[in-house]
Amino acid sequence: IELKVKHLDREDIESLGFKDDVGAGIFFRKRIHTDEEIHLNFDNTILIERCCVMEEDPIEVIFKGTIKNKSELKVLLKQLGI
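Residues numbered from 1 in each chain as written. Predicted model: local features only at pLDDT ≥ 70, side-chain atom pairs only at ≥ 80, totals over all residues. Heavy atoms only, no water.

Draft legend 1. Quick peek at helix H2 (residues 70-79). Taken as a whole, H2 has its buried residues at Leu73, Leu76 and Leu77. On an axial view of H2, the arc spanned by its buried residues comes to 100°, and they lie on one face. Along H2, exposed side chains directed more than 90 degrees from the buried face belong to Ser71, Lys78 and Gln79. Sitting at the amino-terminal end of H2 is Asn69, which places a side-chain oxygen 3.1 Å from the backbone nitrogen of Ser71. Two residues or fewer past H2, Gly81 is found with a positive phi of approximately 75°. (Buried < 20%, exposed > 50% of the residue type's maximum accessible area, 1.4 Å probe, protein only. Helix = DSSP H or I, 4+ residues; strand = E, 2+ residues; numbered from the N terminus. Arc of directions from axis to C-beta. Polar contact = N/O pair within 3.5 Å; in protein donor to acceptor, adjacent residues only side chain to side chain.)

Pasting the structure below:
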């Protein structure tokens, strides 16, 4: 039996509460507190940054790597407390 798992796409990311920031489907934002948000850059790898809403520069990169599908991203976000 061969099982195919759908790869992570824009709809998966948006279904987890992220909003497309530039319309290209590669940069997403999610507000997690009044003054803090998560940036998710979805190119060949996933880059997740925790940022202060009042500042332009990221406070910290909290994940950089490859995520294959929505299930893996959900687990990662849970592990990161997002």
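What follows continues from the structure just given.
Draft legend 2. Main features of the state of the cysteines. Counted under the stated rule, the structure contains zero disulfides. In this model Cys51 remains outside any disulfide bridge; the closest cysteine sulfur is found in Cys52, 8.7 Å from its own. A relative accessible area of 2% means that Cys51 is categorised as buried. (Disulfide = S-S within 2.5 Å.)

Draft legend 3. How the structure looks around the side chain of Lys30. Here Lys30 shows up in strand E2 (residues 27-33). Of the side chains bearing the opposite charge, Glu37 lies closest to the buried Lys30, which forms no salt bridge; the N-O distance is 12 Å. Of note is the side chain of Lys30, whose polar atom sits 3.0 Å from the backbone oxygen of Leu16. Filtering out sequence-adjacent residues up to four positions away, Lys30 remains in contact with Leu16, Gly17, Phe18, Glu37, Ile38 and Ile82. (Lys, Arg positive; Asp, Glu negative; His and termini not counted. Salt bridge = Lys/Arg side-chain N within 4 Å of Asp/Glu carboxyl O. Contact = heavy atoms within 4.5 Å.)

Draft legend 4. Quick look at the pairing of strand E4 (residues 46-52). The element E4 is extensively covered by neighbouring structure, given that six of its seven residues are classed as buried. Note that strand E3 (residues 36-42) and E4 share seven bridges and pair antiparallel. Residue Asn41 lies in a different strand from E4, and its bridge partner there is Leu47. Remark: three residues form the turn of the hairpin made by E3 and E4, two consecutive strands paired antiparallel. (Pairing = 2+ DSSP bridges.)

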